[in-house]
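Listed here are the chains, written in short residue letters.
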Amino acid sequence: MRLFKVVVTLNLTFLVSIVCLTACGIKSELEKSPAPSSISGSAVSENATSENIFGEEDITKQDGGKTDSEDTAKGAKSKPPTIIDERGEKCTLKLDRSSIDADDVGTIPSSCWFGDVIWNQVYKNHFYYVCYEWADDGYEYILYKDRGEKLVTFRFPYYSSDDIDICIYNNRFYLVLPGVDGQHIRERIGTLNLNTGEVSMVHNVTDFEKSYPLWSRGNFNYYDSYIFYGDKIYFVGNDKNFKRSLITWNIAENFERQTVCNYDKIRKDQDSTGNLFFMNHKIYYGVQKGQEMKLYCFDLENCKKELILSFHCKKERNVSIDVQMDESYLYCEDYIIPINGGKIVNKPLQYLSGDSFVHNSKYIFYLDTKYKLHRVDKKDLQKDKVISNKKFFSVNCTENDLYLKKYDKKWFEADFYKSLMGDYAEGEKEFNYDIDDCTADEVDNEEMDLYTMDFDGTNLEKIENEE
């Protein structure tokens, strides 16, 4: 799934304002005797733990047959597969298919755009999300699971910023929170205790550690600054010589800071936008220049860069490429690349912003340029079907369920929205805007509440959260 954060000050009732958390020297919550500053909350169950909330569960393959990973492992040591691009030209995919593990990927903390749901993530075949509501003495945040099962309530003191990023990683709930320290806005990393609802700050980001924004487009900035992978948090910042470098904080070692390498070894400044995808101790990313697409991997263990695939596209452009991968396919921009060889398939997977493209073991789901939801069969990519006449803004899925937000015409086709999106929205003629005369305050946020739907497009139901 493709996650990102929008840094824009919007005077909307559904964006949250929370005040400054005071800085303090804190040990990691992972230590045996933590001394964190914390804010109380409440758990739904006295016996709730991170292990039984986020723990492993069996995931049943829907097709009942052998998995894609078994097919991958079987052919991993055979000769490199041949890929056929849009021009019919053959190219070789140089990829260690034996080490592909869709569960071993980096996680980027993220926040959502609109509505009462401020964050969501699929983790170990469950859908988690955070909503907020106004209490007598401030905002309360509630963590839910799947179809509205309430897990824990938590809160913060007020903040001067409206940004909050969240992720679940290694059975732990992390938050990235900005706060004011004198004249500076510094990010803090915290964890949520799922027994008590307490939020503990475990690391304060200093000016020296401040990360670079890795992606900007149009008038929006998408700050994919931190990536959780292994027992570390990766980001791009300054080394001791103030050179832009790939840096890690070791979570298990009280956020000990280490420099992996100069970032230019991975990619140059002109190619430095776009998400980095972490899997099997490698970083994957891509660049398109003209009609040539190049996909790379960077080995974190020996700091070596390798070109894994080069192919030609019909469309000409100069852009950095987001890469995702599972046991069956590489996904990059408009392309689905079979890792065991075959023809590249062109589909507008990442055309829209937000969560517009997801996949599980059996299907790929994506929103087209008209916000219609498509289902693609992973065994036959030509089986591409629009499964609903409704328009949607975002889509997520587990092995069992679809989770969606509806498209709200008043918001997405308003002059206000277009002005925020800038050139990105103005340049996409396929959207065919029919502008309504409305302001952001007139947006019907209920249209962007969460819904579930069956994989065949039936039984669309709004999720009613437990009170």
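All of these numbers come straight from a predicted model, not from anything done at the bench.

Asks: I'm lost on the overall build of the protein chain in this one. Help?
Replies: If you tally the helices and strands in the protein chain, you get five helices and 35 strands. The burial tally for the protein chain puts 55% of its 467 residues in the buried class. Taking contacts inside the protein chain between residues at least 6 apart in sequence as the whole, the part at least 24 apart equals 54%.

Asks: Even after reading the chapter, I still don't get the sheet that holds strand E19 (residues 244-250), so can you show me in this structure?
Replies: Strand pairing in a sheet relies on backbone hydrogen bonds. The paired strands run either parallel or antiparallel. Judged by pairing direction, the sheet is antiparallel, and its four strands sit side by side in the order E17-E18-E19-E20 without closing on themselves. Each edge of the sheet is formed by a strand with only one pairing partner; in this case those strands are strand E17 (227-229) and strand E20 (256-262). Neighbour-to-neighbour, the strand axes of the sheet open up by a mean angle of 35°, direction not taken into account. Where E19 lies against E20, six bridges are found, and the strand directions are antiparallel. When the bridges of E20 are listed, Leu246 appears paired with Cys261.

Asks: Please clarify how the packing of aromatic side chains should be interpreted in this entry.
Replies: Given two aromatic rings, one states the distance between the centres and the angle between the planes to describe the pair. On inspection of all chains with the given rule, the structure shows 22 aromatic pairs. Ring centres of Phe277 and Tyr284 lie 6.5 Å apart, and the angle between their planes is 55°; this geometry places the pair in the tilted category. By relative accessible area, Phe277 is classed as buried at 12%. An angle of 80° between the planes, with centres 5.6 Å apart, marks the rings of Phe311 and Tyr335 as edge-to-face. Taken together, the residues span a long stretch of sequence, with Phe311 in strand E23 (residues 304-321) and Tyr335 in strand E26 (residues 335-338) at a distance of 24 residues. Classification of Phe311 by relative accessible area gives buried; the value is 1%. Tyr335 gets classed as buried once you look at its relative accessible area, which sits at 1%. Ring pairs connect the aromatic residues Trp119, Tyr141, Phe154 and Phe173, which therefore count as one cluster. Sitting above the plane of the Tyr285 ring, Arg267 keeps its charged end 5.4 Å from the centroid. The cationic tip of Lys305 hangs over the ring face of Tyr296; the distance from NZ or CZ to the ring centre is 4.5 Å.

Rules used in this analysis
- Residues numbered from 1 in each chain as written.
- Predicted model: local features only at pLDDT ≥ 70, side-chain atom pairs only at ≥ 80, totals over all residues.
- Heavy atoms only, no water.
- Helix = DSSP H or I, 4+ residues; strand = E, 2+ residues; numbered from the N terminus.
- Buried < 20%, exposed > 50% of the residue type's maximum accessible area, 1.4 Å probe, protein only.
- Contact = heavy atoms within 4.5 Å.
- Pairing = 2+ DSSP bridges.
- Axes fitted to C-alpha atoms, helices over the stretch in contact; angles between N-to-C directions.
- Phe/Tyr/Trp six-rings, centres within 6.5 Å; stacked < 30°, edge-to-face > 60°.
- Lys NZ or Arg CZ within 6 Å of the ring centre and 35° of its normal.

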